[in-house]
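# Working through the structure, step by step
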Amino acid sequence: MPLLVMKFGGTSVADLDRIKNAARKVQREVERGYDVIVIVSAMSGKTNELVGWVEQTSPLFDAREYDAVVSSGENVTAGLMSLTLQEMGVPARSWQGWQVPINTTAAYSAARFVDIPRKNLDQKFAEGFKVAVVAGFQGLSPEGRITTLGRGGSDTTAVAFAAAFDAERCDIYTDVDGVYTTDPRITSRARKLPRIAFEEMLELASLGAKVLQTRSVELAMRYKVRLRVLSSFEDTDENSGTLICDEDEIMESKVVNGVASSRDEAKITLVTVEDRPGISAAIFAPLADAGVNVDMIVQNISEKDYDDHPGSVTDMTFSVPINQVERAKRAMEEARQAGHIAYDELVVDTEVAKVSVVGIGMRSHAGVAARMFKALADENVNIKVISTSEIKISVLIDRKYMELAVQALHDAFELEKA
């Protein structure tokens, strides 16, 4: 039998009525001739509730017990989904991570997949079961204890099962009906994309688009798992949603396919840093050790022979997630006190946002940066920092201009047109 993986997020299984709605979609695929592996998240809000209970009980909690508690939400959903399917006459069985087993590393609350043996599920399919409902977000450590994969881990679970079982496709059901050229809440001219390449989706996910978890897209790209994002709350067919696939499956891509934005950014500048070989390593190694995710980096041209700073000095600017600012400041201060770096001042700007244009067509077209910068200049939006890759250009701007910048770029690249 051909096999399909279907994943339902928290809003899609938020209550019994929504579980029944999701089960009807599974039943329809079974009637089309598929064996189905269903990956479920916890019911909407349940994981946050469980995390809150753990933190109230033990502020300095044991990560093993944390995983044991917070993984239970998915177990409830899996059981309820399986029962619902059985009531519909669909042969289904629920599976917790340890029963499959989903083997992971022992990095509790941030585990990574090791392997997913097929034997147990294949045996049940051979016995006549049509659906395996698997609790997402969880696995089994080498010590035999429950692990969790970090927030958004159910998306990654779904892709991992699709890769392990050679699924025809992995359908991600969520509360949106596909991937859009930009956030429809920012501009009504945003257009749903019928297809998008893995690389473009990975950039959009990492740059602020919330449709898919970044790790799931990385895994799909590595194993060539065709992903489809579609709505749980609409009637769907084989042409619904957005297909995320290999670049070879897209006839011809636009130069720019999407505009992403993120408010959760901060800009940090180290003023008058010594300009010498090794200074970048001396700055960014402590940040890495502290778990700070540095994104955009700019080093100014050196200035020489200050009275207080003999030799060459420069300013070093970089961006970090806004919730990592205090960690970054502490890492820099500790490095200065240890004598590894010297600077006059550490300046933090938390009123910034990142706006990015993404498209695989940028590889073969010149002038994208000029077009982007002109569109921003026409709206009097000042650019603070720029970073580029082969298929994206990102800028850091004042946060108050983020929506204006997104709309201007969406119009400049005519993304409303198919």
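Thresholds applied
- Residues numbered from 1 in each chain as written.
- Predicted model: local features only at pLDDT ≥ 70, side-chain atom pairs only at ≥ 80, totals over all residues.
- Heavy atoms only, no water.
- UniProt positions renumbered as here; feature names shortened; annotations may be inferred.
- Helix = DSSP H or I, 4+ residues; strand = E, 2+ residues; numbered from the N terminus.
- Rg over C-alpha atoms; globule rule 2.2 N^0.38 Å.
- Buried < 20%, exposed > 50% of the residue type's maximum accessible area, 1.4 Å probe, protein only.
- Contact = heavy atoms within 4.5 Å.
- Areas by Shrake-Rupley, 256 points an atom, 1.4 Å probe, with all protein chains shown as cover.
- Lys, Arg positive; Asp, Glu negative; His and termini not counted.
- Charge placed at Lys NZ, Arg CZ, Asp CG, Glu CD.
- Axes fitted to C-alpha atoms, helices over the stretch in contact; angles between N-to-C directions.
- Parallel < 35°, antiparallel > 145°, perpendicular 65-115°, else oblique.
- Left-handed = near helix turned anticlockwise from the far one by under 90°.
- Nonpolar A, V, L, I, M, F, W, Y, C, P; charged D, E, K, R; others polar.
- Pairing = 2+ DSSP bridges.
- Salt bridge = Lys/Arg side-chain N within 4 Å of Asp/Glu carboxyl O.
- Domains from an automatic or database assignment.
- Buried area = accessible area lost by both parts, 1.4 Å probe.
- Polar contact = N/O pair within 3.5 Å; in protein donor to acceptor, adjacent residues only side chain to side chain.
- Core = buried A, V, L, I, M, F, W, Y, C linked by side-chain atoms within 4.5 Å.

As annotated in an unreviewed UniProt entry, the chain carries the name Aspartokinase and is attributed to Paracoccus haeundaensis. In UniProt, the chain has this text filed under Catalytic activity (unreviewed entry): "L-aspartate + ATP = 4-phospho-L-aspartate + ADP". Database annotation for the chain, UniProt heading Sequence similarities (unreviewed entry): "Belongs to the aspartokinase family."

### Some remarks on the overall build of the chain
Scanning the chain from N- to C-terminus turns up twelve helices and 19 strands. Relative to a compact globule of 418 residues, whose C-alpha radius of gyration would be 22 Å, the chain shows 24 Å and is just as compact. Dimensions along the principal axes, computed over C-alpha positions, put the chain at roughly 80 × 50 × 35 Å. Classification of the 418 residues of the chain by burial places 50% in the buried group. Considering only residue pairs separated by 6 or more positions, the chain has 75% of its internal contacts joining residues 24 or more positions apart. Counting only carbon and sulfur atoms, one obtains 48% of the accessible surface of the chain, whose full area is about 19,200 Å². Where the 47 positive side-chain charges of the chain centre and where its 62 negative ones centre are 5 Å apart.

### Re the packing of helix α11 (residues 368–378) against helix α12 (residues 402–412)
The interhelical angle for the contact between α11 and α12, taken along N-to-C directions, is 130°, at an axis separation of 9 Å. By the criterion of interaxial angle, the relationship of α11 to α12 is oblique. Between α11 and α12 lies a crossing whose hand is right-handed. Each of Arg371, Met372, Ala375 and Leu376 in α11 lies in contact with α12, whose residues at this interface are Ala405, Ala408, Leu409 and Ala412. Along the lines of polarity and charge, the residues of the contact of α11 with α12 split into seven nonpolar, no polar and one charged.

### A closer look at the pairing of strand β17 (residues 345–358)
Two faces belong to every sheet, and in a regular strand the side chains alternate between them. Of the strand pairs in this sheet, strand β13 (residues 258–274) and β17 are connected by eleven bridges, and their pairing is antiparallel. Across the sheet, residue leucine 270 finds its bridge partner in β17, namely leucine 346. Pairing between β17 and strand β19 (residues 392–398): seven bridges, direction antiparallel. Within β19, the residue paired with serine 356 across the bridge is serine 394.

### Concerning the pattern of salt bridges
Per the stated rule, a full pass over the model turns up 30 salt bridges. Linking lysine 224 and aspartate 246 is a salt bridge whose minimum nitrogen-to-oxygen distance equals 2.7 Å. Taken together, the residues lysine 224 in the loop between α8 (214–223) and β11 (227–231) and aspartate 246 in the loop between β12 (242–245) and β13 connect sequence positions 22 residues apart. Note on lysine 224: relative accessible area 53%, which makes it exposed. Salt-bridge contacts for glutamate 249 lead to arginine 226; the nearest nitrogen and oxygen are separated by 3.2 Å.

### Concerning the domain arrangement of the chain
Under the domain assignment, the chain is made up of domain 1 (1–247) and domain 2 (257–415). The centre of domain 1, based on its C-alpha atoms, is set 34 Å off from the matching centre of domain 2. Facing 16 residues of domain 1, the contacting portion of domain 2 comprises 23 residues. Buried area between domain 1 and domain 2, summed over both chains or domains, comes out near 1,700 Å², and the portion from carbon and sulfur atoms is 55%. The largest share of the area that domain 1 buries against domain 2 comes from Ile186, Glu200 and Leu207, three residues that together contribute 38% of it. Put simply, domain 1 and domain 2 have three salt bridges between them. For the pair domain 1 and domain 2, the interface holds eleven residue pairs in polar contact (both at pLDDT 80 or more). Residue composition of the side of domain 1 that touches domain 2, by class: six nonpolar, four polar and six charged.

### Overview of the UniProt feature "domain: ACT" (unreviewed entry) in the chain
In the UniProt entry, the feature "domain: ACT" (unreviewed entry) is given for residues 268–355 and 357–418. Between the C-alpha atoms that bound residues 357–418 the distance is 17 Å, and the span itself is 35% helix and 23% strand.

### Comments concerning the nonpolar core
Generally speaking, a soluble globular protein has its nonpolar side chains buried in company with each other. Counting residues in hydrophobic clusters, the biggest one holds 40 residues, and the most contacted among them are Val5, Ile37, Leu121, Val134, Phe161, Met201 and Ile244. Ignoring any residue separated from it by four or fewer positions in sequence, one finds phenylalanine 161 in contact with Val5, Ile37, Ile39, Val100, Ile102, Ile116, Leu121 and Val134. Listed in part, the 23 residues of the second largest apolar core include Val13, Ala22, Val30 and Val90.

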